[in-house]
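# Notes for the structure review
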Amino acid sequence: MTPTLLGRWQTRLLLFLVLGLPLTFLYAWIYAGFDVFDIDTNFFLVLVVLFVVGFILDPVYIWLQGFRWDHDWPFAFQFFFSFIEFGIVLALIYFDVLWFLPSFLLSDFDGFLVILGHFLTVFIPSFLALLGFIQIFLVRWRFKAAELGRL
Amino acid sequence: MDKLTFPIVLTLEEIGASGARRFISHVELPVEGTYTVGAATDDSVPVSVAGISRGHLILEASADAIVLRERDGGTTNGTFFNGERVTAAALVPGSEVVLANVVALSIRGAGQDTATKIQEQPKQERQESGSRPSSGSSISDYIIVRPGAEERARGGDEFPGGLFAGEIVSTAALRQHEAYAGEVDFLALGGGIGNFVWVDHLRVYGVPISNIRVIGIDRICYKNYERYCLNSQIPRHERLRSNAISVPDNVWGFPGYASRESFNALFRGGKGSAGAIFEVFGEPTLAQSYTPMAGEVFKSLDKEMARIGWFDMFINGRILSMRKTDDGRYAVAYRLTREAAAANNGQREQIVIGRYIHIGTGYPATRFVEDLQNFRSANPSHRDYVINAYDPHDAVYDAIGRSGKPVTVMIRGRGIVASRVHQRLVAEHDRRNANLRIIHLMRSEKPYGDGAKFRRAKRPVFNDVEIQPFNWPKACWGGSLRADIERMAPEERAETFEILGGTTTAERSDWTEMIERGTREGWYVKYYGSIERLVPDESGKANLEVRVKTRSATTEYREIHADYIIDCTGLIGDVTRSPFLKDLVETYHLPRNNAAPHGEPARLTGISVTPDFEILGLQNGHGHVYAAGQITGGGPYAAVDSFLGLQYSALRSVDHLHTVRAPFVSSFGPLKSFGQWVRWCQGVAP
């Protein structure tokens, strides 16, 4: 991948809206025993925090990318840093940094597994989308440094 | 007397029994040197007319005159100058020499415009007709036109002649012409991969087969590309220097070659590696960059050609010339191949009218570097020992392998082709001839850490070669650099290309291994410098004696005895070497890109195009002309000469066709795109 900052932000937002929100809803709905009124909104808050953390880190990635001769961002990097972002979110929860996401969500291992399951549910399809599925719909995306719209 | 300017163009004519003259060919002497005219195929100007003997005449061309000498011992049938039999004479413009009463040789006068009438026969065709694969040019490198007999009879060389004399032709007049062959909306000229990708886009965007025509020499779009691959040692099972997502058979770039390769290996028992997809995941840090096998690329193109109806749109012919019409379109004159003409009542000259044109004629010619060309001119008997890596030269490897005796081969250059040639030589060394020695000549040393620098990044160096997976940094295709370069002013662009381009090779562990092993065992040696003098080896140690001027702390000269030199310094694409493009550029005063950084004398490269790959100077009412490939080099997009670059340019120009409301061209939004992708997966027509 050879994204620009704008491309990273736009693609992140696209994946958040098209995959992140529906998949989170699905996960939360299943977790709530298929009862829409019993859905835990914390899943959505985690997703939003994950989005914001990534959004803030994107300029850092772009800065690092500038040191690479090809100005590219290999898939392995993308994969690795996605887990870093997830780790940061976990830390923010664990250390009670965010008033709206209390640390009791991670009070036991089961709590961690629930959040990990949520993350993987969103992350795996999003990563596959980056590997090529976005291009099926947005044929110009790969030439526009991951930005949306026409060339 | 006026000095002669090179290239000097000679005219050869056959003199019949009645005294009637028949044009044989124009011959271009590119530089000062010694040339031979004679019946043998290794004469620099071969003439197959009865009465002419092998090595009949020697021409010594200099700026003062062309001095003719009969070969030592004279010839049976003699040489005549101004009616007198001579053994030597000086040829000046306007004079003529007659060989054996059957061939007249004259020099074109100074100031005569030779360019307009000369038609270069593309090198590829010459190679095909050759029976000497080792040199690749059974017909001399200097002959620039050799029309067939029936074309001569009809004055075919002149077509379309006066009809296309002006800048604009009248559609009404064309419709009356005997060569008029019809009208179409979309017309692709060249028939190569560049055209193919453009037509593929048109088809998936919604244009029906009946509205598109393609004119080209080879029906198979990758034929010419494959020839270059084979010559530069990439057979079908070898991997190309291309990316997984650079898929000329698939508009979306998905699935790429890596996922297809993995899928085939896992589920269909196909060739290749099941782990290919993980290479893409890990490249370039955890794994070597993935590259597809040439044969797989060609197979996928075969499939897509069939799917989009390529053969129903294809016209087998050679493009001659193009003009704007008076109704906002374009007239294209072409000559059908003999076989295609047979189905057309033998009528070969054709003119077709189109509104949207795509020029994808590829590399105009492979040019041989000057010093080696000079050597070949001066030493016809040693021509086969000096080789351009892009010309067919498999026979050389075979000769090396079979001989078993000590053979020394000098490789010049350090790019990807040098790596390929080196790999092939190492294979001969390992399998058949352990006495093979490889001398690698590079212009200068390239210490580790001395790679090109651009902004915050630096290009890595290994074994004196700058390492880059592809021929440009990746972000030139679709990343930040693509947008940056598009925005740059021409001078800044030239400076950037100077840094980002340059000679590079890919990092491959097998190449590293062969260099290290060869160096350790002493059969691979590197020299830094340039060839100072190249002559046939008189000592009998080898075929060639090379004096290399080395560039180290002090300049030294080194005599090297080599049997072959394989030049890998590159394919030189000069648009003016294509008569078709040269005529377009001159007729419509088309601007060209300039590769020279600010303050340096101009170095013209490709034809200037917009970011949508349109040639603005050819706009004609509602008609538009686009170009793709190397002929647009040096412009707003760097990587024009690559599969992915061709996909990009097709996308840009077909998107532009939508904005100018070309018929059937949709906006290709997400739903249409998805629908067409599903059809691609099913293998059904768009």
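Here goes a summary of the coordinates provided. (Residues numbered from 1 in each chain as written. Chains lettered and ligands numbered in written order. Predicted model: local features only at pLDDT ≥ 70, side-chain atom pairs only at ≥ 80, totals over all residues. Heavy atoms only, no water.)

## Focus: the overall build of chain B
- Of the regular secondary structure elements, chain B holds 20 helices and 33 strands.
- Over its C-alpha trace chain B gives a radius of gyration of 26 Å, about what one expects of a compact globule, namely 26 Å for 686 residues.
- In terms of its C-alpha atoms, chain B occupies a principal-axis envelope of roughly 80 × 75 × 55 Å.
- The 686 residues of chain B split such that 57% are buried.
- Sequence-distant contacts in chain B: of pairs separated by 6 or more residues, those separated by 24 or more amount to 65%.
- As presented, chain B carries roughly 27800 Å² of accessible surface, and 51% of it is formed by carbon and sulfur atoms. (Helix = DSSP H or I, 4+ residues; strand = E, 2+ residues; numbered from the N terminus. Rg over C-alpha atoms; globule rule 2.2 N^0.38 Å. Buried < 20%, exposed > 50% of the residue type's maximum accessible area, 1.4 Å probe, protein only. Contact = heavy atoms within 4.5 Å. Areas by Shrake-Rupley, 256 points an atom, 1.4 Å probe, with all protein chains shown as cover.)

## Some thoughts on the overall build of chain A
- Across its full length, chain A carries 4 helices and 0 strands.
- Along chain A, from the amino end to the carboxyl end, the secondary structure elements read α-α-α-α.
- For 151 residues, the compact-globule formula gives about 15 Å, and the C-alpha radius of gyration of chain A, at 16 Å, lands near that figure.
- Over its C-alpha atoms, taken along the principal directions, chain A stretches across nearly 45 × 30 × 20 Å.
- Considering chain A as a whole, with its 151 residues, one finds that 49% of them fall into the buried category.
- With the model as given, the accessible surface of chain A reaches about 7300 Å², and the carbon-plus-sulfur share is 78%.
- Looking at chain A, you have 7 positive and 11 negative side-chain charges, and the mean spots of the two groups are 22 Å apart. (Lys, Arg positive; Asp, Glu negative; His and termini not counted. Charge placed at Lys NZ, Arg CZ, Asp CG, Glu CD.)

## Things to note about the interface of chain A and chain B
- Of the residues lining the interface, 32 residues belong to chain A; the matching set on chain B comes to 49 residues.
- Carbon and sulfur atoms make up 64% of the area that chain A and chain B hide from each other, which totals about 3300 Å².
- D72(A) is paired through a salt bridge with K474(B); the nearest N and O atoms lie 3.4 Å apart.
- Taken together, chain A and chain B are joined by 22 residue pairs in polar contact (both at pLDDT 80 or more).
- For the side of chain A that touches chain B, the elements supplying multiple residues, two or more each, are α2 (42-65), α3 (75-94) and α4 (109-137) of chain A. (Buried area = accessible area lost by both parts, 1.4 Å probe. Salt bridge = Lys/Arg side-chain N within 4 Å of Asp/Glu carboxyl O. Polar contact = N/O pair within 3.5 Å; in protein donor to acceptor, adjacent residues only side chain to side chain.)

## What about the pairing of strand β5 (residues 57-61) of chain B?
All names here are of chain B.
- Burial of β5 is extensive: 4 of the 5 residues sit out of reach of the surface.
- Two elements, β5 and strand β6 (residues 66-70), share 5 bridges in a ladder whose sense is antiparallel. Looking across to β6, one finds that I58 is bridged to R69.
- Adjacent in sequence and paired antiparallel, β5 and β6 are bridged by 4 residues. (Pairing = 2+ DSSP bridges.)

## Details of empty space enclosed by the protein
- Counted under the stated rule, the structure contains 3 cavities of 30 Å³ or more.
- Roughly 180 Å³ of volume is contained in the largest cavity.
- Together, 19 residues line the largest cavity, and S419(B), N463(B), T505(B), W511(B) and I515(B) are the ones closest to its centre.
- Counting residues per element, the ones that place at least two in the lining of the largest cavity are α13 (416-431), β21 (436-442), β25 (465-467) and α17 (509-521) of chain B.
- It is α17(B) that provides the largest number of residues to the lining of the largest cavity, a total of 4 residues.
- Across the lining of the largest cavity, the residue classes tally to 10 nonpolar, 6 polar and 3 charged.
- Taken as a whole, the second largest cavity spans an internal volume of roughly 40 Å³.
- In this structure, the second largest cavity is lined by V46(A), L47(A), L50(A), F86(A), I115(A), H118(A), F119(A) and V122(A).
- Elements with a contribution of two residues or more to the lining of the second largest cavity: α2 and α4 of chain A. (1 Å grid on protein atoms, 1.4 Å probe; cavity = no way out; pocket = protein on both sides within 12 Å on 5 of 7 lines; lining within 4 Å. Points joined across faces, edges and corners; volume = space filled by probe spheres on them. Nonpolar A, V, L, I, M, F, W, Y, C, P; charged D, E, K, R; others polar.)

## Quick look at the side chain of N620(B)
All names here are of chain B.
- Mapped onto the elements of the fold, N620 is located in the loop between β32 (604-607) and β33 (624-627).
- A residue is classified by how much of its surface remains accessible, and N620, at 11% relative accessible area, is buried.
- Within the structure, the side chain of N620 is placed 3.0 Å from the backbone oxygen of T325, a separation counted as a polar contact.
- Here the side chain of N620 touches R329 through a polar contact of 2.8 Å, landing on its backbone oxygen.
- Apart from the residues lying within four places of it in its own chain, the contact partners of N620 are K324, T325, G328, R329 and Y330.

## What about the side chain of H201(B)?
Residues and elements named next belong to chain B.
- Within the fold, H201 resides in helix α4 (residues 193-205).
- At 2.9 Å, the side chain of H201 and the backbone oxygen of V197 are in polar contact.
- Ignoring anything within four residues of it in the chain, the contact list for H201 reads V251, Q647, A650, L651 and V654.

## Side note on the pattern of salt bridges
- Within the structure shown, the criterion is met by 45 salt bridges over all chains.
- Of the charged contacts in the structure, one is a salt bridge between D72(A) and R68(A), with a shortest N-O distance of 2.8 Å. Comparing D72(A) with R68(A), the two get one shared label, buried.
- Here D612(B) makes a salt bridge to R652(B), at a shortest N to O gap of 3.2 Å.

## Here's the deal with a nonpolar patch on the surface
Residue and element names in this part refer to chain A.
- Together, F79, F83, L120, I124, L128 and F133 line one region of the surface with nonpolar side chains, adding up to about 470 Å² of accessible area.
- Here the nonpolar patch takes 4 residues from α4, the largest share from any one element.
- Here F133 lies in helix α4.
- In this structure F133 comes out as partly exposed when scored by relative accessible area, which is 40%. (Patch = residues over 30% accessible without salt bridge, like charges linked within 9 Å, V, L, I, M, F, W, Y side chains within 5 Å.)

## Description of the nonpolar core
Residues and elements named next belong to chain B.
- Formed by 124 residues in total, the largest nonpolar core has its most connected members in F186, L189, M322 and I359.
- Apart from the residues within four sequence positions on either side, L189 is in contact with N195, I215, I319, M322, V332, I357, H358, I359, G360, T361 and F580.
- Counting residues in hydrophobic clusters, the runner-up holds 31 residues, among them I515, W523, Y524 and Y528. (Core = buried A, V, L, I, M, F, W, Y, C linked by side-chain atoms within 4.5 Å.)

## Regarding the sheet that holds strand β26 (residues 504-505) of chain B
Residues and elements named next belong to chain B.
- Reading across from one edge, β24-β25-β26 is the order of the 3 strands in this open sheet, with mixed pairing throughout. Of all the strands in the sheet, the pair left with one neighbour each is β24 (461-462) and β26.
- One ladder, built from 2 bridges, connects β24 with β25; its direction is antiparallel. Within the sheet, the bridge partner assigned to V461 lies in β25 and is E466.

## A closer look at the environment of A50(B)
- Along the chain, A50(B) falls in the loop between β4 (45-46) and β5.
- Distance from A50(B) to E556(B), taken between C-alpha atoms, is 51 Å for residues 506 residues apart in sequence.

## Details of the packing of helix α12 (residues 394-403) of chain B against α13(B)
Residue and element names in this part refer to chain B.
- Their axes nearest at 9 Å, the elements α12 and α13 cross at an angle of 30°. Taken together, the axes of α12 and α13 are roughly parallel relative to one another. Here the hand of the crossing between α12 and α13 comes out right-handed. In this structure, α12 uses D394, Y397, I400 and G401 to contact α13, whose residues at the interface are V421, R424, L425 and E428.
- Grouping the constituent residues of the contact of α12 with α13 by class yields 4 nonpolar, 1 polar and 3 charged. (Axes fitted to C-alpha atoms, helices over the stretch in contact; angles between N-to-C directions. Parallel < 35°, antiparallel > 145°, perpendicular 65-115°, else oblique. Left-handed = near helix turned anticlockwise from the far one by under 90°.)

## Some points on the state of the cysteines
All names here are of chain B.
- Considering all chains together, one arrives at 0 disulfides over all chains under this definition.
- Between C229, a cysteine without a disulfide, and C221, which holds the nearest cysteine sulfur, the sulfur-to-sulfur distance is 12 Å.
- Here C568 is not cross-linked by a disulfide; its sulfur's nearest cysteine counterpart is in C229, at 15 Å. (Disulfide = S-S within 2.5 Å.)

## Remarks on helix α5 (residues 223-231) of chain B
- Burial in α5(B) covers these residues: E226(B), R227(B), Y228(B), C229(B) and N231(B).
- Where α5(B) terminates, the next one or two residues include Q233(B), which has phi positive at roughly 70°.

## What to know about the packing of aromatic side chains
- In total, this model carries 48 aromatic pairs over all chains according to the counting rule given.
- Relative to F119(A), the ring of F86(A) lies with its centre 4.1 Å away and its plane at 15°, an arrangement referred to as stacked. With F86(A) in helix α3 and F119(A) in helix α4, the pair connects residues that are 33 residues apart, well separated along the chain.
- Exposure remark for F119(A): the relative accessible area of 6% places this residue in the buried category.
- Here the aromatic cluster, defined as three or more aromatic residues joined through ring pairs, consists of F75(A), F79(A), F83(A), F86(A), F119(A), F123(A), F127(A) and F281(B).
- Of note, R547(B) hangs over the ring of Y557(B), and the distance from its end group to the ring centre comes to 5.2 Å. (Phe/Tyr/Trp six-rings, centres within 6.5 Å; stacked < 30°, edge-to-face > 60°. Lys NZ or Arg CZ within 6 Å of the ring centre and 35° of its normal.)

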